[in-house]
Amino acid sequence: MVLPKLVGSPIKRREDPRLVEGTSTYVDDIKLHGTLYCGIVRSVYAHARIKSIDTEAARQHPGVFAVVTGEDLKAGGIGMLPVAHRFGEGLKVPPRYPLAVGEVHFAGEAVAAVVATDRYVARDAVDLVQVEYEPLPAVVDLDAAYAGAPYVHEEFGTNIAFEWKLFNESGASIGEADVKLSQRIENQRLAPVPMETRGVVADYDKGKKSLTLWTSTQIPHLLRTFLSLLIGMPEHHVRVVAPEVGGGFGQKLNVYAEEGIASALSIQLGRPIKWIESRAESMASSIHGRGQTDYVDVGATKDGKITHLHVHILADLGAYHQLLTPVIPTLTGLMLTGPYTIPNLQCTVHGLFTNKVPTDAYRGAGRPEATYLIERVCDLVADATGVDPVEVRRRNFIGSDKFPYTTAAGLAYDSGNYPLALDKALSHIKYDEFRAEQAAARKNGKYLGIGFSTYVEVCGMGPSAAMPAGFGWESSTVRVDPTGKVTVTTGASPHGQGQETTFAQIAADELGVGVDDVIINHGDTAGSPYGVGTFGSRGTAVGGAAMMLAIQKVQEKAKRIAAHMLEASVDDITFENGKFGVKGAPDRAKSLGEIAWIAYTADTIPASIEPGLEATSFFEPPNFTYPFGTHIAFVEVDGDTGEVTLKRYVAVDDCGRVINPMIVDGQVHGGLAQGIAQALFEEVIYDDQGQLVTGSLMDYALPTARGLVSFETDHTTTPSPVNPLGVKGVGEAGTIGSTPAIVNAVVDALKPFGVTHIDMPMRGEKLWRIMNK
Amino acid sequence: MHVNGSYTFKADKQAVYDLMMSKDALAHCLPGCENLEEIGEDAYRATLKIGIAGIKGTYTCTIRTTEKVPLETWTLTIEGQAKTGNVKGVGRFSLADADDSTELTYDGDADIMGPLAGIGQRMLAPASRTIIGKFFECMSGQLSGSSQ
């Protein structure tokens, strides 16, 4: 084996020069001759019957080519948007057409589409479409939605889309526990807000009867399948391209109305159709995340051992199911016990329709809700028992000798060492000194707080049998070109994760070439085998593993060709220091390039060896991965204003083997910013009419450098046994671990005021009221 | 959004009531009113140009007065549509004698639908207070015969 040279080293991302120079190609940079622009008419009501749509004035507007409504698309054979699930009959699925038919169910829902010569004319024409509505009562609040009428979808006679239950109890009941406590915990709705909003360019080729769709997506291959079903075009006539994708965070892990609308219009008009989402449209119509109200009952011993966890989750699904909507809150249920040995678990999830934008996967997707809940519970138990919050966690940890460990929810954790990460994080701080400082500061009216979060997350999304509709594998092709350069394709189409760098590091090491001799191609269904996509921290754990298997096949074939070239037995061929040689004769060793030339010229290789040097592999992981870590937050709450200042943040994450520590740190930093922002700033708010109040970035508070702090990151390394790279994934860790650390710190700071729980976000006004009650 | 408040007119109830029912006074004092036409008993169609939170919109409105108890109380409903969003306001007005003047109190709800709701909500309460204040000042001016 060649010694790893690139894997583990912090080389700079190869993607970045083109991104910072502005030379990369996003969807809006695709400029096809004859392009027409699409604008979408959106519902102003959260819930209303469409009485009529008058498109005449828009049609007559100079420069307008077409105006279509939901009825038009339906008559043209356009179907419904898909939802992936395993609930069977147990899930209520309302019809969801790309353009609303009959009724609208959230403010911002697409009602009609116009096509015009440019985007400004299209925007003007949107205003000329007159939609007459009959408003219906809007369902906004989760408790009210659960209680009964009014209903989002009258035909169901309920707002409950599904009920999902977990029950694992043995021995004593919660009533017999020494310590019992209950808490209502809200996990507010968030908007993912990728820097690049969504956008599509659809181009129908009449001659070839084929459609190419450029779209800002995380799942080009799955989208191609679903789009072909949606518009009724054979799949092999559809090509989907995800060019540069400016952030996704799960929002682009979906099949959206506009992808179907633009495709249908391009087919109808025979012209390329472009639609670029505005920020306001993004906030009001692309999926949101989180959105739960959780009712928690806990039983514990008086020395802080948690014995019972009973949770009733009211999950805000929004008005419809998008691709994974009903699956997300079940992930919360599955991860409720966190890194702890909680023997008795009960969980009921009620997925509730509301007249709001559908929720779906947002960075963490169901697991941040679980981690927030159990990490708040640890602090509540600490409060109730008087045991230190660090000690509560320690007493409940799954022992490092217990892996693989099957939890009360039935998941098999692959590997872990939770005390190690906790100890490492504690080694960065002086806990006892802080407690003394905190006590002294309180006497001076200064409120300091410390918060802990010892999280575990489920990542590396596969295996297929455990996924909402299969598709838990990933594919890769590794091709050594005649000159010895390496072209890799991956189905795990990235959108900011740096796979062009990390995958090249792995391939270069394994094939004995330089990192610049490897290119990683992705995102084009015409240019690679079928693939799945990047989400659920699966890029390297599943996609990288698929590439590793393909590399091993290439290595094997290279050895057979080398054996032929060196007139030796295959069994005697070694691969050392980047060259294929015969045992004991290193000077005769052949480089990959020399072997590739022979593989392609093919005039000297025996008939038993196929020409060429490439291989394709599909990797099906045997299990999920379970990254973990300990986060510690220090905050100060201003006694006069209630404003929270983040003083210090320590994150120790274990994502298994690290391919590129700089990229891992980047992922952790970005995740921390988003997770901390949920605790402190972000909140999607609808008024009681179902109108989005936080519809712009003036009103929806994204994190900025001003509200954050220079993060201190560190790692422990516990390889995963479930993939050949030993990696676990790190895309969501920061988001999942950080939110409870912040809230625990703020609650700790305000302990003198007798609070044990505060719902997010930790706004100054809210905290000021607590301090001035 | 809940809106309530009061305004004191230096006039008796009859004068204030007549003023509030006067088409001409409304046409003059409704904010940004470009035209006001009667479309039925106590019903008008109006075009109002109003800027809220920096977003100017031309609202096509229907205005209705219902549940009238002369000299005492009435309900005013305004429904407006603009490119920037729809507005619906329902207010209950009542009059009370106060020394040598009349106090008008109002209590109602205003709902904003569409893009305007998502952009300007934070500024809506102060903006509507300003608009309502200007409206009453203007109406008061109509009462004393001076125009503003």
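So, how was this worked out
In every chain, residue numbers begin from 1 and rise along the written sequence. Chains and ligands are labelled by the order in which they are written, letters from A for the one and numbers from 1 for the other. Only residues with pLDDT of 70 or above have their local features reported here, since the model is predicted, and side-chain atom pairs are shown and tallied only from 80 upward, although totals for entire chains, interfaces and linings are computed over all residues. In computing side-chain properties, one takes all heavy atoms of the structure into account and sets aside hydrogens as well as water. Where helices and strands are cited, they refer to DSSP runs of H or I of at least four residues and of E of at least two residues respectively, numbered from the N terminus. Using a 1.4 Å probe on the protein chains alone, a residue whose accessible area is under 20% of its type maximum counts as buried, one over 50% counts as exposed, and one in between counts as partly exposed. Whether two residues are in contact is decided by their heavy atoms, any of which lying within 4.5 Å being enough. Charge counting treats Lys and Arg as positive and Asp and Glu as negative, with His and both chain ends excluded. Where a charge lies is defined by one atom per residue type, namely NZ (Lys), CZ (Arg), CG (Asp) and CD (Glu). In short, buried area is how much 1.4 Å probe accessible area vanishes from two parts on joining, totalled over both. Polar contact is defined as a pair of N or O atoms within 3.5 Å, subject to the rule that within protein one atom must be able to donate a hydrogen and the other to accept it, and that residues adjacent in sequence are counted only when both atoms are side-chain atoms. Basically, the charged four are Asp, Glu, Lys and Arg, the nonpolar ten are Ala, Val, Leu, Ile, Met, Phe, Trp, Tyr, Cys and Pro, and anything else, Gly included, counts as polar. In the sections that follow, a salt bridge refers to a side-chain nitrogen of Lys or Arg positioned within 4 Å of a carboxyl oxygen of Asp or Glu. Note on terminology: disulfide denotes any pair of cysteine sulfur atoms within 2.5 Å. Put simply, two rings from Phe, Tyr or Trp (the six-membered ring, in Trp's case) pair if the centres are within 6.5 Å, and we call them stacked under 30 degrees between planes, edge-to-face over 60, tilted for the rest. Here the rule is simple: two strands pair whenever DSSP picks up at least two bridges between them. If the strands point away from the viewer and the path from the first strand over the helix to the second runs clockwise, then the crossover is right-handed. Working convention: axes come from line fits to C-alpha atoms, limited for helices to the stretch in contact. Angles between N-to-C directions cover 0 to 180 degrees. Domain borders in the structure are assigned automatically or taken from a domain database. Known as pLDDT, the predictor's per-residue confidence is scaled from 0 to 100. To be clear, the arc concerns the directions from the helix axis to the C-beta atoms. Put simply, the grid is 1 Å and covers the protein atoms alone, a cavity is a trapped set of points that fit a 1.4 Å probe, a pocket is an open set with protein on both sides within 12 Å along at least five of seven lines, and lining residues have an atom within 4 Å of a point. Grid points are joined across faces, edges and corners, and a volume is the space filled by probe spheres set on the points. Residue types Ala, Val, Leu, Ile, Met, Phe, Trp, Tyr and Cys, when buried and joined through side-chain atoms within 4.5 Å, form a set referred to as a nonpolar core.

### Looking at the overall build of chain B
Argument step 1. Across its full length, chain B carries 3 helices and 7 strands.
Argument step 2. Dimensions of chain B along its principal axes, counting C-alpha atoms only, are 45 × 30 × 30 Å.
Argument step 3. Of all 148 residues assigned to chain B, the portion counted as buried reaches 45%.
Argument step 4. For chain B, the proportion of contacts with a sequence separation of at least 24, taken over those separated by at least 6, is 47%.
Argument step 5. Separation between the mean location of the 14 positive side-chain charges and that of the 19 negative ones in chain B comes to 10 Å.

### Thoughts on the interface of chain B and chain A
Argument step 1. At the interface, 12 residues of chain B touch 13 residues of chain A.
Argument step 2. Taken over both partners, the interface formed by chain B and chain A buries close to 1,200 Å², and the fraction arising from carbon and sulfur atoms is 52%.
Argument step 3. Inspection of the chain B/chain A interface yields 2 residue pairs in polar contact (both at pLDDT 80 or more).
Argument step 4. Among the secondary structure elements, those contributing two or more residues to the side of chain B that touches chain A are β7 (101-113) and α3 (115-143) of chain B.
Argument step 5. Looking at the side of chain B that touches chain A, the element that brings in the most residues is α3(B), giving 6 residues.
Argument step 6. Considered class by class, the residues forming the side of chain B that touches chain A number 5 nonpolar, 4 polar and 3 charged.

### Side note on the pattern of salt bridges
Residues and elements named next belong to chain A.
Argument step 1. A full pass over the atoms with the stated rule returns 43 salt bridges over all chains.
Argument step 2. Residues R198 and E258 are paired through a salt bridge, measuring 2.9 Å at the closest nitrogen-oxygen approach. Taken together, the residues span a long stretch of sequence, with R198 in the loop between β8 (179-190) and β9 (199-205) and E258 in helix α7 (residues 257-269) at a distance of 60 residues. Judged on exposure class, the residue R198 and its partner E258 are both buried.
Argument step 3. E712 serves as the salt-bridge partner of R648, at 2.8 Å between the closest nitrogen and oxygen. Placement of R648 in strand β27 (residues 644-654) and of E712 in strand β28 (residues 712-715) is noted, with a sequence separation of 64 residues between them.
Argument step 4. Look at the salt bridges and you will find they share partners, linking R42, R198, E258, E277 and E281 into a network.

### Observations concerning the state of the cysteines
Argument step 1. Per the stated rule, a full pass over the model turns up 1 disulfide over all chains.
Argument step 2. Here B:C29 is linked by a disulfide to B:C138, with a sulfur-sulfur distance of 2.0 Å. Across the disulfide from B:C29 to B:C138, rotation about the S-S bond amounts to roughly -75°, and the bridge is consequently left-handed. One end of the pair, B:C29, is in helix α2 (residues 23-29); the other, B:C138, is in helix α3, with 109 residues separating them in the sequence. Exposure class is identical for B:C29 and B:C138. Each is buried.
Argument step 3. Among the cysteines around A:C459, which has no disulfide bond, A:C655 carries the closest sulfur, lying 9.7 Å off.

### Section: the packing of aromatic side chains
Residues and elements named next belong to chain A.
Argument step 1. For the structure on display, the rule yields 26 aromatic pairs over all chains.
Argument step 2. Each ring, one from F397 and one from Y418, has its centre 5.9 Å from the other, and the planes form 45°; the classification is tilted. Residue F397 is found in the loop between α11 (389-396) and β16 (405-406), and its partner Y418 is found in helix α12 (residues 418-427); the two are separated by 21 residues along the sequence. For the pair formed by F397 and Y418, the shared burial category is buried.

### A word on the pairing of strand β20 (residues 486-490) of chain A
When a strand is regular, its side chains alternate between the sheet's two faces.
All names here are of chain A.
Argument step 1. The element β20 is extensively covered by neighbouring structure, given that 5 of its 5 residues are classed as buried.
Argument step 2. A loop of 5 residues connects strand β19 (residues 474-480) with β20, the two strands running antiparallel in sequence, and G484 in this loop sits at a positive phi of about 90°.
Argument step 3. The sheet contact formed by β20 and strand β21 (residues 518-522) spans 5 bridges and is parallel. Pairing of V486 across the sheet is with V518, part of β21.
Argument step 4. Crossover connection from β20 via helix α14 (residues 499-511) to parallel β21: handedness right-handed.

### Looking at the sheet that holds strand β15 (residues 344-353) of chain A
Residue and element names in this part refer to chain A.
Argument step 1. On the basis of which strands lie adjacent, the open sheet formed by 5 strands has the order β7-β15-β14-β13-β8 and mixed pairing. Edge strands, defined here as strands with exactly one partner in the open sheet, are β7 (160-168) and β8. Put simply, the sheet's adjacent strands are angled 10° from each other on average, direction ignored.
Argument step 2. Note: β7 against β15, 8 bridges, orientation antiparallel. Pairing of F162 across the sheet is with G351, part of β15.

### Section: the environment of A:A599
Residue and element names in this part refer to chain A.
Argument step 1. Within the fold, A599 resides in helix α16 (residues 592-601).
Argument step 2. Sequence separation of A599 and T354 is 245 residues, and the distance between their C-alpha atoms is 60 Å.
Argument step 3. Contact partners of A599, with chain neighbours within four places excluded, come to I561, I605, P611, G612 and L613.

### Let's talk about the domain arrangement of chain A
Residues and elements named next belong to chain A.
Argument step 1. Domain assignment breaks chain A into domain 1 (16-21 + 473-619), domain 2 (32-136 + 195-247 + 252-285) and domain 3 (364-455 + 626-771).
Argument step 2. When each unit is reduced to the centre of its C-alpha atoms, the spacing between domain 1 and domain 2 is 40 Å.
Argument step 3. With 18 residues of domain 1 in contact, the opposing surface of domain 2 contributes 17 residues.
Argument step 4. For the pair domain 1 and domain 2, the two sides together bury roughly 1,400 Å², of which 54% comes from carbon and sulfur.
Argument step 5. The largest share of the area that domain 1 buries against domain 2 comes from H495, T525 and Y530, three residues that together contribute 43% of it.
Argument step 6. Counting every contact that joins domain 1 to domain 2 gives 2 salt bridges.
Argument step 7. Across the salt bridge formed by E244 and R18, the nearest N and O atoms sit 2.6 Å from each other.
Argument step 8. Connecting domain 1 to domain 2 are 10 residue pairs in polar contact (both at pLDDT 80 or more).

### Quick word on the confidence of the model for chain B
Close reading of the predicted structure is inappropriate where its pLDDT is low.
Argument step 1. For chain B, per-residue confidence averages 87 on the pLDDT scale, and 93% of positions sit at 70 or higher.
Argument step 2. Here α3(B) stands out as the element of chain B with the lowest mean pLDDT, 82, in contrast to helix α1 (residues 13-20) of chain B, whose mean of 94 is the highest.

### Points about α1(B)
Residues spaced three or four apart along an α-helix point in a common direction, a consequence of the helix completing one turn every 3.6 residues.
Argument step 1. Taken together, the buried positions of α1(B) are occupied by B:K13, B:V16, B:Y17, B:L19 and B:M20. The buried residues of α1(B) occupy one face: seen down the axis, they fall within an arc of 160°.

### A short note on empty space enclosed by the protein
Argument step 1. This model, assessed by the stated rule, comprises 5 cavities of 30 Å³ or more.
Argument step 2. Within this model, the largest cavity holds a volume of roughly 690 Å³.
Argument step 3. Looking at the largest cavity, it is lined by 31 residues, and the ones nearest its centre are B:I78, B:G89, B:A110, B:I131 and B:I132.
Argument step 4. Breaking the lining of the largest cavity down by element, the ones donating at least two residues are β3 (43-52), β4 (55-69), β5 (73-82), β6 (85-98), β7 and α3 of chain B.
Argument step 5. Grouping the constituent residues of the lining of the largest cavity by class yields 22 nonpolar, 5 polar and 4 charged.
Argument step 6. In this structure, the second largest cavity encloses a volume near 70 Å³.
Argument step 7. Around the second largest cavity sit 14 residues that line it, and A:R290, A:G291, A:I328, A:P329 and A:T359 are the ones nearest its centre.

### A look at the environment of A:S170
All names here are of chain A.
Argument step 1. With respect to the secondary-structure elements, S170 resides in the loop between β7 and β8.
Argument step 2. Among the residues examined, S170 registers a relative accessible area of 51% and is labelled exposed.
Argument step 3. Along the backbone, S170 and K430 are 260 residues apart, and their C-alpha atoms lie at a distance of 40 Å.

### Section: the pairing of β28(A)
Residue and element names in this part refer to chain A.
Argument step 1. Bridge analysis of β27 against β28 gives 4 bridges, and the strand direction is parallel. Across the sheet, D653 pairs through a bridge with H715, a residue of β28.
Argument step 2. Regarding the hand of the β-α-β motif, the stretch spanning β27, helix α17 (residues 661-680) and β28 is right-handed.

### Structural notes on the nonpolar core
Argument step 1. Membership of the largest hydrophobic core comes to 124 residues, with the highest contact counts inside it found for A:L309 and A:Y649.
Argument step 2. Within the second largest apolar cluster, 48 residues are counted, among which are A:F580, A:A585, A:I605 and A:A615.

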